[in-house]
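Results of the structural survey
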Amino acid sequence: MIGKDLQKAIGDLIADELVAIPTETVYGLAANALSTFAVTKIFEAKNRPTFDPLIVHVPSLDHLEKYVKEIPDWAKRLAEEFWPGALTLLLPKRDIIPDLVTSGSDLVGIRIPQHPLTLELLTKLPFPLAAPSANPFGYISPTTAQHVEDQLGNKISYVLDGGPCTIGLESTIVGMKEGKPTVFRTGGIAVEDLEKVLKIEIPVQASSSKPLAPGMLDSHYAPKKPLHIGNIPQLVQKFHQSKIGILSFEHDYSNLARHAIALSPTHNLNEAAEKLFATMRNMDDCEIDVIITEKFPEVGLGRAINDRLSRASFKK
Ligand code: TXA
Ligand code: MG
């Protein structure tokens, strides 16, 4: 069931049920983060392996110290600058956070989301919310309440509708590696913006098939249809016998295929990010056999867009 009833969401979460929640990045599939019983339901509903840990969502900075043992200086500076916002920090967890939430790690991924309805929800609840993206494991993340309802509606008690997500890409994940703040997943906050605040270069951990953070799995965020990245006119030639959908950054390719979407004719990577996942879903649902796209500029949110496209194109 979809709705805007905050009281119902609160009641269901207190009863250890699953509720999908809006955030500025993507919709989350939320449960009481302190209840192993409730968190188990998240893994079941998503068909998610339990080696893939969950992000914990809190309403404000003063709640942080209940759940983490220490906040290093770099983390404090990033939190003060970007929270509420699309940034997840990996910090040493306190025992109150169940091991299932962190898949046995001593670190918990934690963030304050920037969405008025969800912030109000978090403020009114006596516990934080564990919430992965509200999609079946490996599929594209949802950016509207209807996306969640379509795929998980029969497995969860409520979808809290907060409108379409304004950023459209998952949060940027930052932790420590070899003594340095390191990005483990590019996302809704650009690496350049983190670097401006910390005044150091921040390495981005390359992807792998044996990931530390499973948003890093080679194949992830994937539509059902094959997706190819390259020079669009050349790929159109190569697949001329197929029904093609084209997903471009700014150029209009509607002369080359019946389904051709330019994510931002005005060359705006933030707008492209906002529309990316919904457009991939639409292409999955329409009458085409193959999705053709291109590499986006490798700056700002373009890095996270390229990361998602490359995982979506990975052949399983
Ligand atoms: O924007 C977001 O981050 C959204 C919204 C709902 O907050 N959530 C999200 O969650 O994208 P999920 O589960 O789809 O992706 C979270 C990623 C996973 O790849 C997970 O491995 C990593 O965060 N992660 C979470 N906790 C971690 C931990 N303790 N150590 C390492 N990685 C962690
Ligand atoms: Mg996810």
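Let me begin by describing the structure that accompanies this report. Residue indices follow the written sequence of each chain, beginning from 1 at its first position. Each chain takes a letter, starting from A, and each ligand takes a number, starting from 1, following the order in which they are written. With pLDDT at 70 or above as the cut-off, local features in this predicted model cover only qualifying residues; side-chain atom pairs require 80 or more to be listed or tallied, and sums for whole chains, interfaces and linings still use all residues. Water and hydrogen atoms were dropped before computing side-chain values, which therefore reflect all heavy atoms in the structure.

**So, the sheet that holds strand 2 (residues 19–21)**
Across the sheet, which stays open at both edges, the ten strands sit in the order 1-8-2-3-7-4-6-5-9-10 with mixed pairing between neighbours. At either end of the open sheet lies a strand with only one pairing partner, and these are strand 1 (2–3) and strand 10 (180–185). Pairing of strand 4 (residues 55–57) with strand 6 (residues 107–111), which is carried by three bridges, proceeds in the parallel orientation. Across the sheet, Val56 pairs through a bridge with Ile110, a residue of strand 6. Any two strands are treated as partners once DSSP identifies two or more bridges connecting them. Labels follow the DSSP assignment, with helices taken as runs of H or I lasting at least four residues and strands as runs of E lasting at least two, numbered in each case from the N terminus.

**Regarding the nonpolar core**
Only buried residues count toward a nonpolar core. Its members are Ala, Val, Leu, Ile, Met, Phe, Trp, Tyr and Cys residues joined through side-chain atoms within 4.5 Å. The rule is simple: take the accessible area with a 1.4 Å probe, protein chains only, and divide by the maximum for that residue type; under 20% is buried, over 50% is exposed, in between is partly exposed. Formed by 48 residues in total, the largest nonpolar core has its most connected members in Leu78, Leu87, Leu89, Ile110 and Leu194. Contributing elements (two or more residues each) for this core: strand 3 (28–32), helix 2 (36–46), helix 3 (64–67), helix 4 (73–82), strand 5 (87–92), strand 6, helix 7 (145–152) and helix 8 (191–198). Ile110 has contacts with Ile55, Val56, Val58, Leu64, Tyr67, Val68, Trp83, Leu87, Thr88, Leu89 and Leu91, leaving out every residue within four places of it along the chain. Formed by 26 residues, the second largest nonpolar core is a distinct cluster that contains Ala190, Ala273, Leu276 and Ile291. Contact between two residues is taken to exist if any of their heavy atoms lie within 4.5 Å; hydrogens are not considered.

**A look at the pairing of strand 5**
Bridging between strand 5 and strand 9 (residues 172–177) involves three bridges; their strand directions are parallel. Considered in strand 9, the bridge of Thr88 is made with Ile173. When strand 5 meets strand 6, the two strands line up antiparallel, connected through four bridges. Its bridge partner lying in strand 6, Leu90 is registered against Gly109.

**Thoughts on the packing of helix 10 (residues 269–285) against helix 11 (residues 302–313)**
Packing of helix 10 against helix 11 leaves a shortest axis separation of 9 Å and a crossing angle of 20 degrees. Classified by the angle between their axes, helix 10 and helix 11 sit roughly parallel to one another. In terms of crossing hand, the pair formed by helix 10 and helix 11 is left-handed. Of helix 11, the residues touching helix 10 (which contributes Leu269, Ala272, Ala273, Leu276, Phe277 and Met280) are Gly302, Ile305, Arg308, Leu309 and Ala312. All amino acids are sorted into three groups, where Ala, Val, Leu, Ile, Met, Phe, Trp, Tyr, Cys and Pro are nonpolar, Asp, Glu, Lys and Arg are charged, and the leftover types, Gly among them, are polar. In terms of residue class, the contact of helix 10 with helix 11 is built from nine nonpolar, one polar and one charged. As a rule, the C-alpha atoms of each element are fitted with a line to give its axis, helices using only the stretch in contact, and angles between N-to-C directions run from 0 to 180 degrees. Should an angle fall under 35 degrees it is called roughly parallel, over 145 degrees roughly antiparallel, and 65 to 115 degrees roughly perpendicular, with every other angle called oblique. Handedness of a crossing is defined here by the sense of rotation of the near helix relative to the far one, left-handed for an anticlockwise turn of less than a right angle and right-handed for a clockwise turn.

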